[in-house]
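Here are the chains, one letter per residue:
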Amino acid sequence: MAMLLKHVRASSSLLKQHVTRAHLLSRPFTTTEGHRPSIVHKRSLDILHDPWFNKGTAFSMTERDRLDLRGLLPPNVMSPDLQIERFMVDLKRLEVQARDGPSDPNALAKWRILNRLHDRNETMYYKVLIAKIEEYAPIVYTPTVGLVCQNYSGLFRRPRGMYFSAEDRGEMMSMVYNWPAEQVDMIVVTDGSRILGLGDLGVQGIGIAIGKLDLYVAAAGINPQRVLPVMIDVGTNNEKLLEDPLYLGLQQHRLDGDDYLAVVDEFMEAVFTRWPNVIVQFEDFQSKWAFKLLQRYRSTYRMFNDDVQGTAGVAIAGLLGAVRAQGRPMIDFPKQKIVVAGAGSAGIGVLNAARKTMARMLGNNEVAFESAKSQFWVVDAKGLISEGRENIDPDALPFARNLKELDRQGLREGASLEEVVKQVKPDVLLGLSAVGGLFSNEVLEALKDSTSTRPAIFAMSNPTKNAECTPEEAFSILGDNIIFASGSPFSNVDLGNGHIGHCNQGNNMYLFPGIGLGTLLSGARIISDGMLQAASERLATYMSEEEVLKGIIFPSTSRIRDITEKVAAAVIKEALEEDLAEGYHGMDARELKKLSEDEVAEYVKNNMWNPEYPTLVYKQE
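Predicted model only: the values in this text are computed from it and were never measured.

Our focus in this paragraph is the packing of aromatic side chains. By the definition in use, this model includes 14 aromatic pairs. Taking 4.9 Å as the distance between ring centres and 75 degrees as the angle between the ring planes, the aromatic pair formed by Tyr125 and Tyr126 counts as edge-to-face. For the pair Tyr125 and Tyr126, one class covers both residues: buried. Here the aromatic rings of Phe164 and Phe267 are separated by 5.3 Å at their centres, their planes lie at 65 degrees, and the arrangement is edge-to-face. Here Phe164, found in strand S2 (residues 162-165), pairs with Phe267, found in helix H14 (residues 257-274); they are 103 residues apart in sequence, far enough to count as distant. Exposure remark for Phe164: the relative accessible area of 0% places this residue in the buried category. Given a relative accessible area of 0%, Phe267 falls into the buried group.

This is the structure we're talking about:
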């Protein structure tokens, strides 16, 4: 009997643990917005004019009565699926009519139509975006977002996000309370100084912050009511914008030095005072400031720089994937010879991350870190960077080649990209230069002598016109035994005889949503190098062995939600191992540590927002 009682108590204890854990897993924040009724303090036309709560023709008859909508909508109640179908018919018909003339590309017309939907029905907008992510990610994000930013002053209709300017100094702490959301999980901020490869677009750069957050919602399931795009307007050095009477930003030259830092410092203090647990992603800051701001804030605030760290992470995943595609284990990565074209914030970010990854594989000590740098040859606008370069950028200095060593290789300070490729015979040619066509026929011809069994070409610059080469150019010169990846989307190349040249899109969208979601759900105090490394390695192992041997090292964007779940889970696991996690909502760090790998995956999935119309209940304020 005693044994039986003991067994019953043990079973009861296990059952209690299981129920508690199941209860925790089933308490995601999505239930608040997605399944339980939402309390609203408005009715009638006010509801129809509010994109957060508007359902259009999908309002049920009982809701129409409850919210004084009867008679304000056509009588047919449509399902969300029918709404999407009707929108798609509309889109196909209107995308041509919406053009401003022959010079206005279809992509911009599609952006306008999608933006109008976003303005009137937010849930429906994200339903369409998630359902058609392959088709519309290039519209709301790269490459079309570059065109949007270039024309944003003319496209601006409805305010979206917040603007903190140099004129607001001393007022930002009170300004943040003008934003209506009591909770903000994710901010994407830019100063517009280096939008994609298009240069200084000033205040118009807010388009990139809006586009990134659309992907946070679609890919990571961040609640759209808890995201905030931000522009820090400190002026512009774009003379065309300074002379344009229709330009919406401050028409003055950019602040610099301590004046510039004072504005960004005040912004950071203000947003973290109101929303202490927010995550801030820095986007498209010029190289001059990207690294300085990252080092200034990363150990104090939950923040990261997507151009420095996100681009680096995706590139590392691609580089590891290229090793796998050669039929070799990823541990062979430190043996790869890599020529890097571009030494801006993205290029240096990739170099630092790749060097750290190699060092970790070689023993993770000072000797390994020092030896890893010998695998890189960096070429900028002045040619190969060596220790003989005058006024060398401090960030590039660790990768400057030794002059004696270069002499032995038949190279010199300032050698051209073609010369470097010819002499080094690299395994990888990595482009982060923002110079379209940089990988010329001559450069690609030189890569034919690569010592690799399957050389890799990464033309990573955005938007499309800035890609260092096209896949057609690469495959036509080097044949089908190469790995090709680009930052912007290109179509696969038909090589004939049933052979396909796979064009992998090595885009940051595979990582930054998962990094943000994993940080949010772990409650990590900061975003560490280890968390970023875990994200990269998880992306690198996402593709099957069969896929990588075909030359497919990045997945289709149609799988973006699944990729993001797995990356977020890897980030959470690393945050727990580094003892950085503090938990999220009812799930504290101790409970998170008890979860199995499958339970962490379930926890992530349950906490991703889905675009479902909530039941609305009116309550008078």
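Right, let's talk about the layout of surface pockets for a bit. Size it by volume and the largest pocket reaches roughly 890 Å³. In this structure, the largest pocket is lined by 46 residues; those nearest its centre are Gly342, Gly344, Leu432, Ser433 and Ala434. Elements with a contribution of two residues or more to the lining of the largest pocket: helix H12 (206-220), helix H16 (306-325), helix H17 (345-361) and strand S8 (376-380). Taken together, the residues that form the lining of the largest pocket break down as 18 nonpolar, 17 polar and 11 charged.

Paired through backbone hydrogen bonds, the strands of a sheet run either parallel or antiparallel to each other. Strand order in the open sheet made by the seven strands is S9-S8-S7-S10-S11-S12-S15, with mixed pairing throughout. Edge positions in the sheet fall to strand S9 (383-384) and strand S15 (503-505), since each of these pairs with one other strand and no more. Sheet analysis places strand S12 (residues 483-486) next to S15, joined by three bridges and oriented parallel. Among the inter-strand pairings, Ser486 is bridged to a residue of S15, identified as Gln505. Seen against the sheet, H16 touches strand S7 (338-341), strand S10 (428-431), strand S11 (456-459) and S12 and runs at an angle of roughly 155 degrees to S11. Here H17 sits on the sheet and contacts S7, S8 and S10; the angle it forms with S8, its principal contact strand, is near 180 degrees.

This next bit is on helix H24 (residues 529-540). The end-to-end C-alpha separation of H24 is 16 Å, in line with the 16 Å expected for 12 residues at 1.5 Å each. Along H24, nine of the 12 residues are buried, which leaves the element largely enclosed by surrounding structure. Every buried residue of H24 is listed here: Gly530, Met531, Leu532, Gln533, Ala534, Ala535, Ser536, Leu539 and Ala540. Contact partners of the buried residues in H24: H16, H17, helix H23 (512-522) and helix H26 (560-577).

As a further point, take the UniProt feature "active site" (unreviewed entry) in the chain. UniProt marks Tyr141 and Lys212 with the feature "active site" (unreviewed entry), using the numbering shown here. These annotated residues cover 72 residues of sequence, but their C-alpha atoms sit close together, with the largest distance between any two at 6.7 Å. As for the largest pocket, its lining draws on Tyr141 and Lys212 from among the annotated residues. The residue Tyr141 is located in the loop between helix H8 (133-140) and helix H9 (144-150) in this model. Judged by relative accessible area, Tyr141 falls into the buried class, the value being 4%. Those residues in contact with Tyr141, other than ones at most four positions away along the chain, are Lys212, Leu215, Asn507, Asn508, Met509 and Phe512.

So, about the packing of H12 against H23. Closest axis-to-axis distance for the H12/H23 pair is 9 Å, and the angle between their directions is 70 degrees. The pairing of H12 with H23 is recorded here as roughly perpendicular in orientation. Crossing handedness for the pair H12 and H23: right-handed. On H23, the residues that touch Lys212, Leu215, Tyr216, Ala219 and Ala220 of H12 are Phe512, Pro513, Gly516 and Leu517. Split into classes, the residues belonging to the contact of H12 with H23 amount to seven nonpolar, one polar and one charged.

This part takes up the UniProt feature "binding site: a divalent metal cation" (unreviewed entry) in the chain. Feature annotation in UniProt assigns "binding site: a divalent metal cation" (unreviewed entry) to the following positions: Glu283, Asp284 and Asp307. For this annotated set, covering 25 residues, all C-alpha atoms fall within 6.5 Å of each other, a compact arrangement in space. Checked against the lining of the largest pocket, the annotated residues reduce to Glu283, Asp284 and Asp307. Taking the relative accessible area as the measure of exposure, Glu283 reaches 2% and is therefore buried. Apart from residues lying up to four places away in sequence, Glu283 is in contact with Val188, Val189, Thr190, Asp191, Ile208, Lys212, Asp306 and Asp307. In this fold, Asp307 is placed in helix H16. Looking at Asp307, the relative accessible area reads 6%, which means it is buried. In this structure the side chain of Asp307 is engaged in a polar contact, spanning 2.5 Å, whose partner is the backbone nitrogen of Asp284.

Structurally, the chain comprises domain 1 (39-78), domain 2 (142-301), domain 3 (336-506) and domain 4 (510-607). Each of domain 1 and domain 2 was reduced to a C-alpha centroid, and the two centroids are 34 Å apart.

Each value, and the rule that gives it
Per chain, the residues get numbers from 1 upward, laid out in the order the sequence is written. Given that the model is predicted, a residue must reach a pLDDT of at least 70 before its local features are reported, and side-chain atom pairs must reach 80 or more before they are shown or counted; all residues, however, enter totals for whole chains, interfaces and linings. Side-chain calculation: all heavy atoms of the structure are included, whereas hydrogens and water are not. Classification of ring pairs rests on two measures: the distance between centres of Phe, Tyr or Trp rings, Trp counted by its six-membered ring, which must be within 6.5 Å, and the angle between planes, read as stacked under 30 degrees, edge-to-face over 60 and tilted in between. Between buried and exposed lies partly exposed: a residue is buried under 20% and exposed over 50% of the maximum accessible area for its type, with that area taken using a 1.4 Å probe on protein chains only. Starting at the N terminus, helices and strands are each numbered in turn, a helix being any DSSP run of H or I of at least four residues and a strand any DSSP run of E of at least two. Cavities and pockets were defined on a 1 Å grid built from protein atoms only: a cavity is a group of points that admits a 1.4 Å probe but offers it no way out, a pocket is an open group of points flanked by protein on both sides within 12 Å along at least five of seven lines, and a lining residue is one with an atom within 4 Å of any such point. Grid points are joined across faces, edges and corners, and a volume is the space filled by probe spheres set on the points. In the scheme used here, Gly and all other residues not listed as nonpolar or charged are polar, with Ala, Val, Leu, Ile, Met, Phe, Trp, Tyr, Cys and Pro taken as nonpolar and Asp, Glu, Lys and Arg as charged. DSSP calls a pair of strands paired once it identifies at least 2 bridges connecting them. We call two residues in contact when some of their heavy atoms are within 4.5 Å. Here an angle of 0 to 180 degrees is reported between the N-to-C directions of two axes, which are lines fitted to C-alpha atoms, with helices fitted over the stretch in contact. To estimate how far a helix should reach, multiply one less than its number of residues by 1.5 Å. UniProt positions are given in the numbering used here, feature names are shortened, and annotations may be inferred rather than shown by experiment. Orientation categories follow fixed angle ranges, with anything under 35 degrees roughly parallel, anything over 145 roughly antiparallel, 65 to 115 roughly perpendicular, and all other angles oblique. Should the near helix be turned counterclockwise from the far one by less than a right angle, the crossing is left-handed, whereas a clockwise turn marks it as right-handed. We define a polar contact as two N or O atoms separated by no more than 3.5 Å, with the added condition that, inside protein, one atom must be a possible hydrogen donor and the other a possible acceptor, whereas residues neighbouring each other in sequence contribute only through side-chain atom pairs. Throughout the structure description, domain borders are defined by an automatic or database domain assignment.

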